[in-house]
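Residue strings, one per chain:
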Amino acid sequence: MTGAEQNQLGYYVYCVAETAATQQLDAASFPAAIEDTARLQWVTANDLAALSSMVPLADYGESALAEHLSDATWTAVRAMRHETVVEFVAKRVSVVPLRFGTIYLERSRIERMLNEKGRELAQIIERLRGHEEWGVNVYSDRATLLASITEVSPRLRELARQAEAASPGQSYLMHKKIEALRVDEARAALNEIVERVEQTLSEQAADAKRLRILKVEATEHGELKAKFAFLVKRSQFEEFRAAAERLAQENLAAGVRLELTGPWPAYNFSTEAGLQQ
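My aim in this report is to walk through the structure given alongside it, one point at a time.

### Looking at the overall build of the protein chain
Thought 1: Looking only at helices and strands, one finds 11 helices and 10 strands in the protein chain.
Thought 2: Counting across all 277 residues of the protein chain, residues that qualify as buried make up 45%.
Thought 3: Of all intrachain contacts in the protein chain linking residues separated by at least 6 positions in sequence, the fraction that spans at least 24 positions is 78%.
Thought 4: Accessible surface for the protein chain amounts to roughly 15,000 Å². Of this, 48% is attributable to carbon and sulfur atoms.

### Some thoughts on the nonpolar core
Thought 1: Tyr 14, Leu 51, Tyr 60 and Val 89 are the most contacted members of the largest nonpolar core, which totals 26 residues.
Thought 2: The set of elements that each furnish at least two residues to this core consists of strand S1 (9-18), strand S3 (48-56), helix H3 (57-60) and helix H5 (72-90).
Thought 3: Considering each element in turn, this core owes the most residues, six residues, to H5.
Thought 4: The contacts of Tyr 60, once residues within four sequence positions are left out, are Tyr 12, Ile 34, Glu 35, Val 55, Leu 65, Trp 74, Arg 78 and Ile 103.
Thought 5: Counting 24 residues, the second largest nonpolar core, distinct from the first, contains Ala 226, Phe 228, Ala 254 and Leu 258.

### A few points about the packing of aromatic side chains
Thought 1: Evaluation of the coordinates by the stated rule reveals eight aromatic pairs.
Thought 2: Look at Tyr 12 and Phe 100: their rings are 6.3 Å apart centre to centre, the planes differ by 55°, and that puts the pair in the tilted class. Taken as a pair, Tyr 12 in strand S1 and Phe 100 in the loop between strand S4 (95-97) and strand S5 (103-104) lie far apart in primary sequence, 88 residues in all.
Thought 3: Tyr 12 gets classed as buried once you look at its relative accessible area, which sits at 0%.
Thought 4: Judged by its relative accessible area of 26%, Phe 100 is partly exposed.
Thought 5: Aromatic ring contacts, followed pair by pair, group Tyr 12, Tyr 14, Tyr 60, Trp 74 and Phe 100 into a single cluster.

### Here we look at the pattern of salt bridges
Thought 1: Scanning all chains against the criterion turns up 11 salt bridges.
Thought 2: With its nearest N and O atoms 2.8 Å apart, the salt bridge here joins Arg 129 to Glu 126.
Thought 3: Taking relative accessible area as the criterion, Glu 126 reaches 48% and is therefore assigned partly exposed.
Thought 4: We note a salt bridge from Glu 223 to Lys 225, for which the minimum N-O separation is 3.2 Å.

### Quick notes on helix H7 (residues 118-128)
Thought 1: Within the sequence span of H7, burial applies to Gly 118, Leu 121, Ile 124, Ile 125 and Leu 128. Burial along H7 is one-sided: seen end-on, the buried residues are contained in an arc of 130°. Those residues of H7 that are exposed and aimed more than 90 degrees away from the buried face are Arg 119 and Gln 123.
Thought 2: Contacts from the buried residues of H7 go to S1, S3, S4, helix H6 (107-116), strand S6 (131-140) and strand S9 (222-233).
Thought 3: Gly 130 sits one or two residues past H7 and shows a positive phi near 75°.

### Let's talk about the side chain of Asn 137
Thought 1: Inspection of the secondary structure assignment puts Asn 137 in strand S6.
Thought 2: On the basis of relative accessible area, Asn 137 is assigned to the buried category, the value being 11%.
Thought 3: Reaching out from Asn 137, the side chain makes a polar contact with the side chain of Glu 259 at a distance of 2.8 Å.
Thought 4: Discounting residues that sit within four places of it in the chain, Asn 137 has contacts with Leu 224, Ala 226, Lys 227, Arg 257, Leu 258, Glu 259 and Thr 261.

### A word on the pairing of S1
Thought 1: For S1, the tally of buried residues reaches eight of 10 residues, placing the bulk of the element in the interior.
Thought 2: Pairing geometry for S1 and S5, over two bridges, is antiparallel. Across the sheet, the residue bridging to Tyr 12 is Ile 103, located in S5.
Thought 3: For S1 and S4, the ladder comprises three bridges, and the chain directions are antiparallel. From the neighbouring strand, Cys 15 faces S4, where its bridge partner is Pro 97.

Conventions used here
- Residues numbered from 1 in each chain as written.
- Predicted model: local features only at pLDDT ≥ 70, side-chain atom pairs only at ≥ 80, totals over all residues.
- Heavy atoms only, no water.
- Helix = DSSP H or I, 4+ residues; strand = E, 2+ residues; numbered from the N terminus.
- Buried < 20%, exposed > 50% of the residue type's maximum accessible area, 1.4 Å probe, protein only.
- Contact = heavy atoms within 4.5 Å.
- Areas by Shrake-Rupley, 256 points an atom, 1.4 Å probe, with all protein chains shown as cover.
- Core = buried A, V, L, I, M, F, W, Y, C linked by side-chain atoms within 4.5 Å.
- Phe/Tyr/Trp six-rings, centres within 6.5 Å; stacked < 30°, edge-to-face > 60°.
- Salt bridge = Lys/Arg side-chain N within 4 Å of Asp/Glu carboxyl O.
- Arc of directions from axis to C-beta.
- Polar contact = N/O pair within 3.5 Å; in protein donor to acceptor, adjacent residues only side chain to side chain.
- Pairing = 2+ DSSP bridges.

Keep in mind these values describe shape, not function.
Now the structure itself:
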């Protein structure tokens, strides 16, 4: 860290919105900034404004921030504050949310970013207007799926029917074949369910993205098998939720559970290229 970073302050930026829309917000009702001692402030340039707060570069300079991010407690507290601020604004006006850790060294650099990226940012805000991001997680209980796969899989269902009508010797061989195919059929059935969830809910949304699963996540619902983000028009959310609930009921017997989360600021449908300095 340089000596200048020890004493200097930088600008932590949360999101970008239209200047006219921000003027309708009550600054006194805003949540706390990422650092308790700072206050939230808008940096404006023509039709756009970036919400920011001052932070010490001793903690938020490039090298210092990288070191802090290895501290799970420090990161969790500040990530939550960042999210609380962005969610507060996003519920009231259309915003381009910025990722945790967006720092500018000077106010003039924020203004320059707003001017240089103004057209792109305005297009994103317009596309997101009246929309929210909703997440859908798909979990699978392996034991339940394997136990029910004979009924779920048309192939195994037909083999089971044939086994019932076959001679004892043939029936035995068919049941052995069913057991051998159970795991493969369960995998295929799960993939089909996930694809059906994606297709059905995409039809109820303005946009959709399948997200990467960074690690194996197991919960009381089972193992996480797929994660989706959907951009949903607020006025059509009830239809979207109803479709998700139908899918959940249809696949419950197969040990597949759907978890609906949100609404979130539309991180997965915003472009941040060139916004960080």
